[in-house]
Amino acid sequence: MNQTLFKNIRIVLVGTSHPGNIGAAARAMKTMGLSRLYLVEPKQFPDHEATARASGADHLLTSAQVCTSLPEALEGCSLVIATTARMRTLSWPIMEPREMGAKVVEVAAENECAIVFGRERTGLTNEELEHCRAAVKIPTEADFSSLNLAAAVQILSYEVRQAALEIGQQEVAPEKEVGSVELATSDQLEGFYGHLEQTMIDIEFYDPTKPKYLMRRFRRLFSRTDMEKSEVQVMRGLLTASQKMVQKASKKTENKKQS
Ligand code: SAH
């Protein structure tokens with residue numbers, strides 16, 4: 001199996017309550033060849049119950065990265081996929097597990113990817129979902145859609161493995177194609193969204209006291225494209241230029257008032 005590709009894939013568990021589920025998720029990952037586990041604010045970790053349920057996958061637990069926020073866990077990732085047990089009122093792009101596997105494997109050949117799982121009782125918040133390109137839902141019975149966390153990790157890790165098998169079992173990552181692109185990472189995108197929001201406030205297009213989901217709509221729009229690093233830079237250049245124009249214009253009005 002292609003080790004390089006798998007090393008670029010991280011499984012992120014957000015706010016897990018039961019340490020046993022963390023262990024069982026580690027076991028599920030290991031059976032499918034995945035090894036990079038990230039934990040965002042786990043309720044109880046490390047814990048003997050996690051080690052017991054890992055049944056031999058405990059080195060995934062010892063090397064797990066414990067983070068204090070989701071953006072921290074997603075640093076450096078060019079593709080972030082959320083997982084959800086339910087269709088949401090928030091309309092966000094939804095992916096089939098098979099489609100997710102293919103996309104993750106394609107991107108992971110050269111870039112870091114993350115698959116994000118939510119809390120046992122409440123899943124991911126809408127705000128957390130907004131950090132992700134799309135959400136994947138494992139098809140289930142309509143009125144009983146919530147799998148155990150580790151079971152969901154098992155199924156989606158399996159899909160990633162199947163997708164990797166389909167593209168062939170190369171031992172090394174494919175050579176970089178001439179003219180291949182560098183996708184923007186999650187932290188670069190967050191920097192861009194923050195800059196976009198501030199610029200929209202500066203040019204009085206956006207009032208943060210009456211948000212009306214404008215930022216969410218922009219996030220959804222840009223999530224639909226595979227923004228490259230250089231494109232994010234161009235967009236930020238445009239934002240900086242707009243901010244400078246507003247500053248100049250407001251200085252002029254100040255001067256006029258004073259004279
Ligand atoms: N009541 C919660 C269920 C959470 S189950 C909710 O409505 O979201 C815990 C986690 O397991 C979920 O956040 C998700 O990451 C994963 N999961 C459970 N069932 C799933 C499904 N059918 N498809 C995709 N992920 C699922």
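Conventions adopted
Residues numbered from 1 in each chain as written. Predicted model: local features only at pLDDT ≥ 70, side-chain atom pairs only at ≥ 80, totals over all residues. Heavy atoms only, no water. Core = buried A, V, L, I, M, F, W, Y, C linked by side-chain atoms within 4.5 Å. Buried < 20%, exposed > 50% of the residue type's maximum accessible area, 1.4 Å probe, protein only. Helix = DSSP H or I, 4+ residues; strand = E, 2+ residues; numbered from the N terminus. Axes fitted to C-alpha atoms, helices over the stretch in contact; angles between N-to-C directions. Parallel < 35°, antiparallel > 145°, perpendicular 65-115°, else oblique. Left-handed = near helix turned anticlockwise from the far one by under 90°. Contact = heavy atoms within 4.5 Å. Near = heavy atom within 4 Å. Polar contact = N/O pair within 3.5 Å; in protein donor to acceptor, adjacent residues only side chain to side chain. Areas by Shrake-Rupley, 256 points an atom, 1.4 Å probe, with all protein chains shown as cover. Nonpolar A, V, L, I, M, F, W, Y, C, P; charged D, E, K, R; others polar. Pairing = 2+ DSSP bridges. Expected span 1.5 Å × (residues − 1). Salt bridge = Lys/Arg side-chain N within 4 Å of Asp/Glu carboxyl O. Phe/Tyr/Trp six-rings, centres within 6.5 Å; stacked < 30°, edge-to-face > 60°.

Caption draft 1: Layout of the nonpolar core. Counting residues in each nonpolar core, the largest one holds 44 residues, and the members touching the most others are Ile11, Leu13, Leu37, Met100, Val104 and Phe117. It is helix α8 (residues 149–166) that contributes the most residues to this core, eight residues altogether.

Caption draft 2: Broad picture of the packing of helix α2 (residues 19–31) against α8. With their axes 8 Å apart at the nearest point, α2 and α8 run at an angle of 15° to one another. The orientation of α2 relative to α8 falls into the category roughly parallel. α2 and α8 meet at a crossing whose hand is right-handed. Note on element contacts: α8 touches α2 through Leu149, Ala150, Val153, Gln154, Ser157 and Arg161, opposite Asn21, Ala24, Ala25, Ala28, Met29 and Thr31.

Caption draft 3: Representation of the site of the ligand. In the vicinity of the ligand, 20 residues are found, and the nearest of them are Thr83, Arg86, Ile138, Ser145 and Leu147. Note that an oxygen atom of the ligand is positioned 2.5 Å from one of the side-chain N or O atoms of Thr83. Within the contact set of the ligand, a nitrogen atom lies 2.8 Å away from a backbone nitrogen or oxygen of Ile138. Burial of the ligand by the protein chains amounts to 93% of its free accessible area of 530 Å². Residues belonging to the shell around the ligand are distributed by class as follows: seven nonpolar, eight polar and five charged.

Caption draft 4: Region of the structure containing the sheet that holds strand β5 (residues 94–95). The parallel open sheet is built from seven strands, whose spatial order is β3-β2-β1-β6-β4-β7-β5. Strand pairing shows two members of the sheet lacking a second neighbour, β3 (65–67) and β5, which therefore form its edges. Here two bridges tie β5 to strand β7 (residues 134–136), and the two strands are oriented parallel to one another. Bridge pairing in β7 places Ile94 opposite Ala135. Along the sheet, α2 makes contact with β1 (9–14) and β2 (36–40), crossing β2 at roughly 155°.

Caption draft 5: Representation of the environment of Val232 within the structure. Relative to the elements of secondary structure, Val232 occurs in helix α11 (residues 229–258). Along the primary structure Val232 and Gln188 are separated by 44 residues, whereas in three dimensions their C-alpha atoms are 7.6 Å apart. Residues within four places of Val232 in sequence aside, it is in contact with Ala184, Gln188, Leu189, Phe192 and Met227.

Caption draft 6: Molecular detail of α8. With 18 residues, α8 extends 26 Å between its outermost C-alpha atoms, agreeing within 8% with the 26 Å of an ideal straight helix rising 1.5 Å per residue. Leu149, Ala150, Ala152, Val153, Leu156, Ser157, Glu159, Val160, Ala163 and Ala164 are the residues of α8 that are buried. Two or three places before Ala150, at the opening of α8, Asn148 has a side-chain oxygen 2.9 Å from that residue's backbone nitrogen. Following α8 by one or two positions, Gly168 has its phi on the positive side, about 105°.

Caption draft 7: A look at the pattern of salt bridges. All told, the structure shown has 12 salt bridges when counted by the stated rule. Between Arg10 and Glu112 there is a salt bridge, with its nearest N and O atoms 2.9 Å apart. Of this pair, Arg10 sits in strand β1 while Glu112 sits in strand β6 (residues 112–117), and the two are 102 residues apart along the sequence. Residue Arg219 is joined to Glu190 by a salt bridge in which the shortest nitrogen-to-oxygen separation is 2.8 Å. Taken together, the residues span a long stretch of sequence, with Arg219 in helix α10 (residues 214–223) and Glu190 in helix α9 (residues 186–202) at a distance of 29 residues. Its relative accessible area of 11% is what places Arg219 among the buried residues.

Caption draft 8: Quick peek at unusual backbone geometry. Omega for the peptide link from Phe45 to Pro46 comes to 0°, which places this bond in the cis form. Topologically, Pro46 is positioned in the loop between β2 and α3 (48–54). The phi dihedral of Ser55 falls on the positive side, at around 35°, and the residue is not glycine. Along the polypeptide, Ser55 turns up in the loop between α3 and α4 (58–62). With a phi angle near 60°, Glu204 is a residue other than glycine that sits in the positive phi range.

Caption draft 9: Looking closely at the packing of aromatic side chains. Applying the stated criterion across every chain, the model contains three aromatic pairs. Relative to Phe222, the ring of Phe192 has its centre 5.0 Å away and its plane inclined at 85°; by these criteria the two rings are edge-to-face. Of this pair, Phe192 sits in helix α9 while Phe222 sits in helix α10, placing them 30 residues apart in sequence. A relative accessible area of 0% places Phe192 in the buried class. Classification of Phe222 by relative accessible area gives buried; the value is 15%.

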